[in-house]
Amino acid sequence: MSGAVQDRRRINGPARSVEPIYTATPLDTSLAKGRSDGRGLDHMRPIYAKAGPIASTAQTTGSASGSAFYEQGSIRISCAVYGPRSGRKTNARRAHFECDFQYAPFACNSRTHTQTDEHEISLFLSNTVGPAIRLDSYPKSSIDAYVTVIESDGKMATLAAAINCISLALADAGIEMYDTVAACSMGLRGSQWVVDCTQAEEAECSMLVAYMPSVDEVTGVLQNGKTSLEMHEQAVQACTNVCVRVYAVICRALQASLE
Amino acid sequence: MTSLILSPSEQDFITRGVEKGFRADGRGSLDRREVTLRTNMISQANGSARCRIGHLGLGTDVLVGIKAEVNTWSPGEPESSGSIVCNVECSPSAAQEFEGRGAEDLNVELTQTLDRMFNGPQSGIDMSKLCIIPKQAYWVLHVDALVLDVKGGIVDALVWATRAALLSTKLPRVVVESVADEDGNLQCEFDVVDDAEDQVAIEGVENLPLSVTFNQIGKCFVIDASEQEEAVTQASLTVAVSPQLEICAAQKGGFLRGFPPSLLSEIMQAARRVARDEFAKFKELYVAAASYQAGDEPSTGSTFLGAF
């Protein structure tokens, strides 16, 4: 609504609008009674993964080379992969891989413009999934992954889900890879690492690990918050184990998409 | 980073050298280049520091200025804590590709890296002490970093300079009074004391972390990679360690390969060892820098450049 030109034919809405302020309900942050959704401390939220376009009847001609839809609890992410195609930043020796991460405006709690966040996450995703792709097989071409977060629930968990979604979409696109990347996140509650924290459970210190099980390589580590070295190592170890389980889910989704 | 083109034989030379424990400039794999630190050179800023890693003319040069401002609280923000806002800009004088919008990507990446390390309780600063009046006013510390030259190891230089700048920051003292208004309610008012002598340091700055960036070249890793070594790096891990040797942040960069978990754990152990030495070295340099400006040199325009 521009302040200068007013539409006099209609009844105008307010010129300025603000978010409603919710009275904060006291959150039971202790884990004494277990987690609010009844999961164990080392259980991930149930995952639904589907390779292929979101609309099941859509054909993939003329649109994305590969796509995937990934759900983890109430996190919903869709990813489309375009490539290998001719691109602007070409390298004679290898493909140029780029991720574009975007929140839908209604995805998070508040409708704030988180553009700087998105850019950095895009960079992080490129660095995490990049090692899995055989970039040398596609010289002078460009592979782009466009990730849209439809619904987000826990920042680190959403990042981990995005990584899983991209891996699935890349495989669906038929791009040569060394292995699919599986990722999982953990939050530090007291002195205990809790797998896959929701927004309500998210703590000051959180960790994300992306792992390729067949090649035994950690392609991405991200830690927010402070913790001791021993706890850090414990978390990496635990995350790697959970990643293997996520990997199985992704592989099964890929097999299902071939049937 | 800056695109340095190396021939395959140069790359091979560096890779094999690192695997055998030799680096191009004769350092060990866990040795940092010489660091030069100067503080409080910008009179308009509440705190400032300039850090150069590497020797004059061939080093990574970063200038950080801290400006403190009072912000009015708006609903939705934390009620009794201040905030730290980081901003990194790469100057076109560092590399040709930084002119115009060329450095945009790099600026965003470095800003977020600094933000991850310093904005929040993991930095060690007591954010609640930066609050002046709860639900009314708080200090915002603007950390503005200007990258003057890039010759490898940019994140470490940024963190060193930011730590030195925050350590040297002096906030004006604030006097808070409760005044009864016409309804008899107690309103809090604050007054910033405008005295250059009456300033306080930020609480908790001794707990600020330092970062160590490990670059994987071949099968081994090195810290503080030079420009050539960075061009050969396949993957890197930046670890921020606090003086209490806790891990404050960890971030992997580089899209060519990942680390086997065993190498990852080796790097984290090395990070702790290296950090111990780094903190000692930092303290030495910081104390030297603080006593430097008390020297008897006339402060002219060329002192800023000449002293460095």
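Residues numbered from 1 in each chain as written. Chains lettered and ligands numbered in written order. Predicted model: local features only at pLDDT ≥ 70, side-chain atom pairs only at ≥ 80, totals over all residues. Heavy atoms only, no water.

Draft legend 1. Looking closely at the overall build of chain B. From N to C terminus, chain B includes six helices and 14 strands. At 21 Å, chain B has a C-alpha radius of gyration in line with the 19 Å of a compact globule built from 308 residues. The principal-axis extent of the C-alpha atoms belonging to chain B is close to 80 × 50 × 40 Å. A burial count over chain B gives 51% of its 308 residues as buried. Contacts in chain B between residues at least 24 apart in sequence constitute 70% of all its contacts with a sequence separation of at least 6. In chain B, 26 side chains carry a positive charge and 44 a negative one; their mean positions are 11 Å apart. (Helix = DSSP H or I, 4+ residues; strand = E, 2+ residues; numbered from the N terminus. Rg over C-alpha atoms; globule rule 2.2 N^0.38 Å. Buried < 20%, exposed > 50% of the residue type's maximum accessible area, 1.4 Å probe, protein only. Contact = heavy atoms within 4.5 Å. Lys, Arg positive; Asp, Glu negative; His and termini not counted. Charge placed at Lys NZ, Arg CZ, Asp CG, Glu CD.)

Draft legend 2. Structural context of the sheet that holds strand 1 (residues 47–51) of chain A. Residue and element names in this part refer to chain A. If you walk across this open sheet you meet the five strands as 1-2-3-5-4, and the pairing is mixed. Looking at which strands have only one partner, the edges of the open sheet turn out to be strand 1 and strand 4 (96–103). Pairs of neighbouring strands in the sheet enclose a mean axial angle of 15°, with direction left out of account. Bridging between strand 1 and strand 2 (residues 66–72) involves five bridges; their strand directions are antiparallel. Each residue of the ladder has a partner; that of Ala 51, found in strand 2, is Ala 68. Set on the sheet, helix 3 (residues 229–258) makes contact with strand 1 and strand 2; between it and strand 1 the angle comes to about 40°. (Pairing = 2+ DSSP bridges. Axes fitted to C-alpha atoms, helices over the stretch in contact; angles between N-to-C directions.)

Draft legend 3. Focus on unusual backbone geometry. Residues and elements named next belong to chain A. Between Gly 83 and Pro 84 the backbone carries a cis peptide bond, its omega angle lying at -10°. Within the secondary structure, Pro 84 sits in strand 3 (residues 75–85). Although it is not a glycine, Lys 140 adopts a positive phi angle of roughly 60°. Note on placement: Lys 140 falls in the loop between helix 1 (115–129) and strand 5 (142–151). Even without being a glycine, Asp 196 presents a positive backbone phi close to 55°. Relative to the elements of secondary structure, Asp 196 occurs in the loop between strand 7 (192–195) and strand 8 (205–212). Since its relative accessible area comes to 0%, Asp 196 is described here as buried.

Draft legend 4. How the structure looks around the packing of helix 2 (residues 104–118) of chain B against helix 3 (residues 154–168) of chain B. All names here are of chain B. In contact at an axis separation of 11 Å, helix 2 and helix 3 are set at 50° when each is read in the N-to-C sense. Classified by the angle between their axes, helix 2 and helix 3 sit oblique to one another. Handedness of the crossing formed by helix 2 with helix 3: right-handed. Contact residues: helix 2 offers Leu 110, Thr 113, Leu 114, Met 117 and Phe 118, while helix 3 offers Ile 154, Val 155, Leu 158, Val 159, Thr 162, Arg 163 and Leu 166. (Parallel < 35°, antiparallel > 145°, perpendicular 65-115°, else oblique. Left-handed = near helix turned anticlockwise from the far one by under 90°.)

Draft legend 5. Region of the structure containing the confidence of the model for chain A. Averaged over every residue, the pLDDT of chain A is 85; residues scoring 70 or more account for 87%. No element of chain A has a lower mean pLDDT than helix 1 of chain A, at 86, and none a higher one than helix 2 (residues 155–172) of chain A, at 94. (pLDDT = per-residue confidence, 0-100.)

Draft legend 6. Focus on the nonpolar core. Membership of the largest hydrophobic core comes to 149 residues, with the highest contact counts inside it found for Phe 97, Ile 166 and Leu 170 of chain A. Among all residues touching Leu 170 of chain A, those that are not within four sequence positions of it are Val 81, Phe 97, Val 129, Ile 133, Ile 143, Ile 175 and Met 177 of chain A. The next biggest cluster of nonpolar side chains, apart from the first, holds six residues, and it includes Ile 14, Ile 217, Val 222 and Val 232 of chain B. (Core = buried A, V, L, I, M, F, W, Y, C linked by side-chain atoms within 4.5 Å.)

Draft legend 7. The packing of helix 3 of chain B against helix 5 (residues 261–292) of chain B, seen in detail. All names here are of chain B. As a packed pair, helix 3 and helix 5 sit with axes 12 Å apart at the nearest point and diverge in direction by 50°. By the angle between their directions, the pair helix 3 and helix 5 is classed as oblique. Between helix 3 and helix 5 the crossing geometry is right-handed. In this structure, helix 3 uses Trp 160, Arg 163, Ala 164, Leu 167 and Ser 168 to contact helix 5, whose residues at the interface are Glu 278, Phe 279, Lys 281, Phe 282, Leu 285 and Tyr 286. A breakdown of the residues in the contact of helix 3 with helix 5 according to their chemical character gives seven nonpolar, one polar and three charged. (Nonpolar A, V, L, I, M, F, W, Y, C, P; charged D, E, K, R; others polar.)

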